[in-house]
Amino acid sequence: MTPAFLSEQATLAILDDFRSGQHRGVVVDSPPGAGKSTLVVRAAAELVEDGQRLMIVAQTNEQVDDLTVNLAGRLPGALIGRLSGGSYVRSERLARLANVACDTAVAALTGCAVTIATAAKWAYVKDHSWEWAIVDEAYQMRSDALLAVAPRFERALFVGDPGQLDPFSVVENDRWRGLTWDPMQSAVAGLLRNNPGLPVHRLPVSWRLPSTAQPVIAPAFYPFTGFRTGTGPGERELTYTTTGFGRTPVDRVLATAASSGWGYLELPARHTMRTDGEAVEAVADVARRFLHRGTMARSGDKVEPVTADRIAVGAAHRDQVAALQAALADAPGITVDTANRLQGREYDVTVVLHPLSGRRDATAFHLEAGRLCVLTSRHRQACVVVGRAGIHELLDAHPSVEPVHLHEPVKFPDGWAANQTVMTHLEQHRVPA
Amino acid sequence: MSAISSYARALAVDGGRAFPIATRRHVHIAGEPLVLIPLTMAGEANAPLAAMVGTRRDDPALLIVPQPRNRDLRFAFADELAAVVLRYVEDRTRQGIETYGKNQDPRYLDAPQLLVPNPGGVGFVRLFGRSTRFRRTTGEYAVSPDVPLLGRWLSFLAERAEHPGSSALLPMTSALNLHWATGQSSLEDTNLAATLGWITSGPDAAREAEDPTVWPPAGPSTDPTFDNEILAPALRQWDEGRHERARALLDRDLRTQLEPTWRLMWQAIDLLRALPAGDSVDARWTEDRNEFTSYYMYVNSGGYPQPRRDQAVAAARRLQRLEREQTAFDATLALDDPLVMANYRVTGEAFAGTVVESEPDRKVPGDKGRRVLRPLLVVRSDDPLRLTVGTDVVSPGRRKQVAKILEIDGDRVTLQIEKGMTVAPTPAVGEEITYTSVFPEGMQSPKLPTAEDTPWTHGGPPQPYVASDDDAREVWE
């Protein structure tokens, strides 16, 4: 069975279940780049073509804008309402679309077939409700955010990637542990614990990730369900139009990345501050080198240059991102961001500062499976990880020690195990700096 | 751990003395705090063994349970503790009352403050509150009417302790660790004797604190050797019917376990009182007074005991509030204290420098075409700045005056004052000033559905609470 066939079968089953009206909620788990947005747009379009009105909940303004553009293209005859907060500035790509209405008040968008906004904005909408809703990136949404928007709809399709980062709170409090409505858990986790009978579907094919990513990402982060990549060996290729001068570690890691889809540039072991100057420089050098070498990405028959906007640099902490941004000030097109903000994005190549690089300890934050999963699954071609030697030893010295709480489902995959799996694989592509 | 506190810990190890990480006191210490040192019996879930409690350092009351496995004796202890706590709570209301706000809401001038030695003490208060607040005062297993009331007040204080910035129930070690970095691990930091040792004399004192014969554990757990060699024989006396003898033994021996910690508690209070209070401490204590006033009135009007667990809507609402308070607490701590602000200067979220240019009368075209006052200033700073153009910042001395970063050029930061030009003059050339993006904004939280409208995604509306005898029966036997 071809990947396209598998994927279509899964999509049809999801749409059938959603439209059947038998379930108030349908959950779709999707590995990275499995066509989540395509599914959302298709489900919305089919509802609209049936004469229905619906609301869509996404998590960030960027996601909302992406969906709005896609929907406006797919439904040229329908009016799409883009509901926004007061401080939102309409992006240019939205301003160009004739069938998109933007407003801060939902009353001004009553004629729209689809109304779309962030969960934060929906929480302020009162006195309006919809029969149908689609909640996108539902695993990024916190359960209390769903509580605020749930009165707005009758039935909903929840789409998201269970491997991504769990939602986050500045507050540490165990008082709700074990309750099915624990507001700190993800929206989907809470939904399924309160409504155990809801159907859960799975998108089986990742269209984004290259075939080289499957043997790492699938066992590390989707150990029970797995996924396959849409492209096989040889269908994607990374080439450089210029030759590296000399044999620097950076050029060697680029060569490894081109041949295997992975590269691990290992700096000498050292305990450092979070904003490790050498590591930051190394990450910036690798990212810049992709530009300087005139990188070309082939996918099937299509060959395109890897321009700055096709490169992303990811790190765990905001101060690391700020340091990386400063180091890459001469390459402004390159996206530099934290794992949280890179969720849902896609690039040709990514350069990642390993969350455990230079650390003395491995905390729950740094071990979180979702963080590493986001950072290592944004690429279509290759991912280069930069870190200090000793990450394996650090992991061995810090097994997960998270307490287990009564009535709380055990979360898989375990971040410690996922980190070990990824490190074991990366070490096969190690280039010492 | 922040860079500053990591560095301070290194300095503490190097210098053999705790190193200050705050220049101001960030907790409120009441004029008359109630100090409570609880002890529990090993092997029994939160079974009280003894407590030393009081508001005056020279007059502690010692309460003991001569056989902690006997529930009637436990609730007799609860009754004795209730007498102390309820009188203390009542006394707070006698300090006077004021009104505030548009609606002239009442607010007591004082509020209860319970000080316990360590986070374990907070856990004891929470669990003991839970085990007493549902007790019935009639019928089977009846307890004194004060016991369920004690349970409510202990539960109230334990719930307040979850709120960032509240000083209603403070574990002393946490209060000290907010102000001093020691050269020991964070686990060792929960040992009151060791932490005070680092602050007042150095690591030798901290090492001595590990000896349970010199410094008995500050509770709620007792030292196992004490349990085996002293406590067990005394309890046996009780079990064999020699009650007088048992009480006399326990009274003597438990006093030796509690008195050293009692002295440490007051020593810690003195240390904290010696620090000048941060500017926002009073406002945070006012919030404690507000909460006390409304709970006092709720209890007096015959309200229910606190529910065992939050329902879906209540949980979400509480989380929103805790998050708001945490953000505000973190920000005001830094604005109150330059040493805390240094953390943000290290991470690039704040910068300090000298004003090198200032245009207090600058006007720019506003939205409606009129020219509006937007003073401009340029600050030269050597800090590693990681703020971006367009970020709003405030200065500790000018919290209501919001400036926006217009340009960053090397070590020169150009700022435009956006709000609050009149609350303070524009900083003048030559002035030393700190700006930070970390400040308590008027964070809004969306309205959540009411409990009766809990949506299907969260299990639908909960069953309304009906008080019943089952509440009390739960855990007696």
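The structure presented is a predicted model; accordingly, all values stated were derived computationally and were not measured. In every chain, residue numbers begin from 1 and rise along the written sequence. Throughout, the order in which chains and ligands are written sets their labels, letters from A for the former and numbers from 1 for the latter. It should be noted that, the model being predicted, local features are given only for residues of pLDDT at least 70 and side-chain atom pairs only at 80 or more, the latter also being counted only at that level, while totals for whole chains, interfaces and linings use all residues. By convention in this description, side-chain values take in all heavy atoms of the structure and omit both hydrogens and water.

To continue, consider the overall build of chain A. Along chain A, the regular secondary structure elements total 16 helices and 19 strands. A globule of 433 residues ought to have a C-alpha radius of gyration of about 22 Å, and chain A, at 22 Å, matches this closely. Each residue's exposure class comes from its accessible area (1.4 Å probe, protein chains only) as a fraction of the maximum for that residue type: buried when under 20%, exposed when over 50%, partly exposed otherwise. When each of the 433 residues of chain A is scored for burial, the buried share is 56%. For accessible areas, the Shrake-Rupley method is used with a probe of radius 1.4 Å. Any residue's cover is judged against the shown protein chains and nothing else. Accessible area for chain A stands at about 17600 Å²; split by element, carbon and sulfur atoms hold 52% of it. When charges are tallied, Lys and Arg are placed among the positive residues and Asp and Glu among the negative ones, while His and the ends of the chain are skipped. Taken as the charge centre is NZ of Lys, CZ of Arg, CG of Asp or CD of Glu, depending on the residue. Within chain A, the 47 negative side-chain charges are centred at a point lying 2 Å from the centre of the 43 positive side-chain charges. Secondary structure counts use DSSP, requiring at least four H or I residues in a row for a helix and at least two E residues in a row for a strand, with both numbered from the N terminus. Two things to know: the radius of gyration comes from C-alpha atoms, and the globule rule equals 2.2 Å times the number of residues to the power 0.38.

When helices and strands are tallied, chain B shows 13 helices and 17 strands. Projected onto its principal axes, the C-alpha coordinates of chain B cover approximately 90 × 60 × 45 Å. When contacts within chain B are restricted to residue pairs at least 6 apart in sequence, those whose partners lie at least 24 apart make up 69%. Within the structure as shown, chain B displays about 22000 Å² of accessible surface, and the carbon and sulfur contribution to it stands at 50%. Contacts: residue pairs with any heavy atoms within 4.5 Å of one another.

Right, let's talk about the UniProt feature "domain: DNA2/NAM7 helicase-like C-terminal" (unreviewed entry) in chain A for a bit. UniProt positions are given in the numbering used here, feature names are shortened, and annotations may be inferred rather than shown by experiment. Per the UniProt record, "domain: DNA2/NAM7 helicase-like C-terminal" (unreviewed entry) is annotated on residues 280-388 of chain A. The span residues 280-388 of chain A is 35% helix and 32% strand, and its two end C-alpha atoms sit 11 Å from each other.

Moving on, we come to the pattern of salt bridges. It is possible for side chains of opposite charge to pair when their charged atoms get near one another. Here, a salt bridge means any side-chain nitrogen of Lys or Arg that lies within 4 Å of a carboxyl oxygen of Asp or Glu. According to the stated counting rule, one finds 63 salt bridges over all chains in the structure shown. A salt bridge links Arg 380 of chain A to Glu 346 of chain A, with the shortest nitrogen-to-oxygen separation between them at 3.4 Å. A residue pair is termed long-range when its members are at least 10 positions apart, and Arg 380 of chain A in strand E18 (residues 379-388) and Glu 346 of chain A in the loop between helix H12 (339-342) and strand E17 (347-353) qualify at 34 residues. Ionic contacts of the salt-bridge type, sharing partners, join the residues Arg 175 of chain A together with Glu 159, Glu 162, Asp 310 and Arg 318 of chain B into one network.

Expected span of a helix: the number of residues minus one, times 1.5 Å. In this model helix H11 (residues 312-336) of chain B runs 36 Å from its N-terminal to its C-terminal C-alpha over 25 residues, within 8% of the 36 Å that 1.5 Å per residue would give. Judged by how many residues are buried, H11 of chain B sits mostly within the fold: 18 of 25 residues are covered.

Moving on to the packing of aromatic side chains. Geometrically, a pair of aromatic rings is defined through the distance of the ring centres and the angle of the planes. For Phe, Tyr and Trp, rings pair up if their centres lie within 6.5 Å, where Trp contributes its six-membered ring, and each pair is then called stacked (planes under 30 degrees apart), edge-to-face (over 60) or tilted (otherwise). Applying the stated rule across the entire model yields 19 aromatic pairs over all chains. Centroid distance Phe 351 of chain B to Tyr 435 of chain B: 6.1 Å. Interplanar angle 35 degrees. Geometry classified as tilted. Note that Phe 351 of chain B is positioned in strand E10 (residues 350-359) and Tyr 435 of chain B in strand E17 (residues 432-436), a separation of 84 residues in sequence. Among the aromatic residues, those joined into a ring-pair cluster are Tyr 108, Trp 153, Phe 156, Phe 292, Tyr 295, Tyr 296 and Tyr 298 of chain B. In this structure, Arg 371 of chain A is placed above the aromatic ring of Phe 365 of chain A, and the distance from its NZ or CZ to the ring centre is 3.6 Å. Charge-over-ring placement is defined geometrically: NZ (Lys) or CZ (Arg) within 6 Å of the ring centre, and within 35 degrees of the ring normal.

On to the domain arrangement of chain B, then. Split into domains, chain B comes out as domain 1 (3-310) and domain 2 (350-436). Look at where the C-alpha atoms of domain 1 of chain B and domain 2 of chain B centre, and you get two points 46 Å apart. For every domain, the bounds stem from an assignment made automatically or drawn from a database.

Attention now moves to the environment of His 458 of chain B. Looking at the element boundaries, His 458 of chain B is found in the loop between E17 and helix H13 (469-473). Distance from His 458 of chain B to Gly 121 of chain B, taken between C-alpha atoms, is 34 Å for residues 337 residues apart in sequence. Sequence-distant contacts of His 458 of chain B, that is, excluding residues within four places in its chain, are made with Ser 143, Leu 146, Leu 147, Trp 181 and Asn 194 of chain A together with Ala 312 of chain B. What qualifies as a polar contact is a pair of N or O atoms within 3.5 Å, subject to a donor-acceptor requirement within protein and to the restriction that residues adjacent in sequence count only when both atoms come from side chains. Of note is the side chain of His 458 of chain B, whose polar atom sits 2.9 Å from the backbone oxygen of Ser 143 of chain A.

The next thing to look at is the interface of chain A and chain B. On the side of chain B, 32 residues touch chain A, which itself brings 38 residues to the contact. Taking both partners together, chain A and chain B bury about 2800 Å²; carbon and sulfur atoms supply 65% of that area. When the area that chain A buries against chain B is broken down by residue, the three leading residues are Leu 147, Arg 175 and Trp 181 of chain A, summing to 24%. Where chain A touches chain B, the interface holds four salt bridges. The quantity reported as buried area is the accessible area (1.4 Å probe) lost by two parts once they are put together, taken as the sum for both.

With that settled, consider the sheet that holds strand E6 (residues 130-135) of chain A. Residues and elements named next belong to chain A. Taken in spatial order, the eight strands line up as E4-E3-E5-E2-E6-E7-E1-E8 in an open sheet, and their pairing is parallel. Either end of the sheet is taken by a strand with one partner, and the two such strands are strand E4 (100-103) and strand E8 (200-202). In this sheet, adjacent strand axes meet at a mean angle of 20 degrees when their direction is disregarded. In this scheme, strands are said to pair when DSSP sees at least two bridges between them. Inspection of the sheet shows strand E3 (residues 80-83) paired to E4 by four bridges, in the parallel sense. Bridge pairing in E4 places Gly 81 opposite Ala 101. Where helix H1 (residues 3-20) meets the sheet, its contacts fall on strand E1 (25-29), E6, strand E7 (153-160) and E8, and the angle it forms with E8 comes to roughly 160 degrees. Between N-to-C directions, angles span 0 to 180 degrees; the directions come from axes that are lines fitted to C-alpha atoms, helices contributing only their stretch in contact.

Moving on, we come to the environment of Arg 398 of chain B. Residue and element names in this part refer to chain B. Tracing the backbone through its elements, the reader meets Arg 398 in strand E15 (residues 398-409). The exposure class of Arg 398 is buried, given its relative accessible area of 11%. Between the alpha carbons of Arg 398 and Met 421 there is a distance of 9.8 Å; along the sequence they are 23 residues apart. Beyond its immediate chain neighbours, meaning those up to four positions away, Arg 398 contacts Ala 424, Pro 425, Thr 426, Pro 427, Glu 431 and Ile 433. Side-chain polar atoms of Arg 398 contact the side chain of Glu 431, separated by 3.1 Å.

Phi at His 407 of chain A is positive, roughly 65 degrees, even though this residue is not glycine. Relative to the helices and strands, His 407 of chain A resides in the loop between helix H15 (391-397) and helix H16 (415-426).

Quick look at a nonpolar patch on the surface now. Residue and element names in this part refer to chain A. Each patch groups residues whose relative accessible area exceeds 30% and which form no salt bridge, using 9 Å between like charges and 5 Å between nonpolar side chains of Val, Leu, Ile, Met, Phe, Trp and Tyr. A contiguous nonpolar patch, built from Phe 224, Val 410 and Phe 412 and spanning about 370 Å² of accessible area, is present on the exposed surface. Relative to the helices and strands, Val 410 is located in the loop between H15 and H16. Residue classification places Val 410 among the exposed residues on the basis of a relative accessible area of 61%.

Another aspect to go through is the sheet that holds strand E15 (residues 311-315) of chain A. Residue and element names in this part refer to chain A. Taken together, the six strands give an open sheet; going across it, the order is E16-E15-E17-E18-E12-E19, and neighbouring strands pair in parallel fashion. Unpaired on one side and paired on the other, strand E16 (335-338) and strand E19 (430-432) mark the two borders of the sheet. Adjacent strand axes in the sheet meet at a mean angle of 20 degrees when their direction is disregarded. Sitting on the sheet, helix H9 (residues 249-260) touches strand E12 (262-267), E18 and E19, and the angle it makes with E12 is about 155 degrees.

With that settled, the discussion passes to the pairing of E6 of chain A. Two faces make up the sheet, and in a regular strand the side chains alternate between them. All names here are of chain A. Taking burial as the measure, the six residues of E6 include five buried ones, the bulk of the element. Note: strand E2 (residues 54-58) against E6, four bridges, orientation parallel. Note on E6: the bridge partner recorded for Ile 56 is Ile 134. Where E6 lies against E7, five bridges are found, and the strand directions are parallel. Looking at the pairing, Trp 130 lines up with Phe 153 of E7. Between the parallel pair E6 and E7, the chain is carried across by helix H6 (residues 143-149), and the sense of this crossover is right-handed. Here, the term right-handed applies to a crossover whose path from the first strand over the helix to the second runs clockwise when the strands point away from the viewer.

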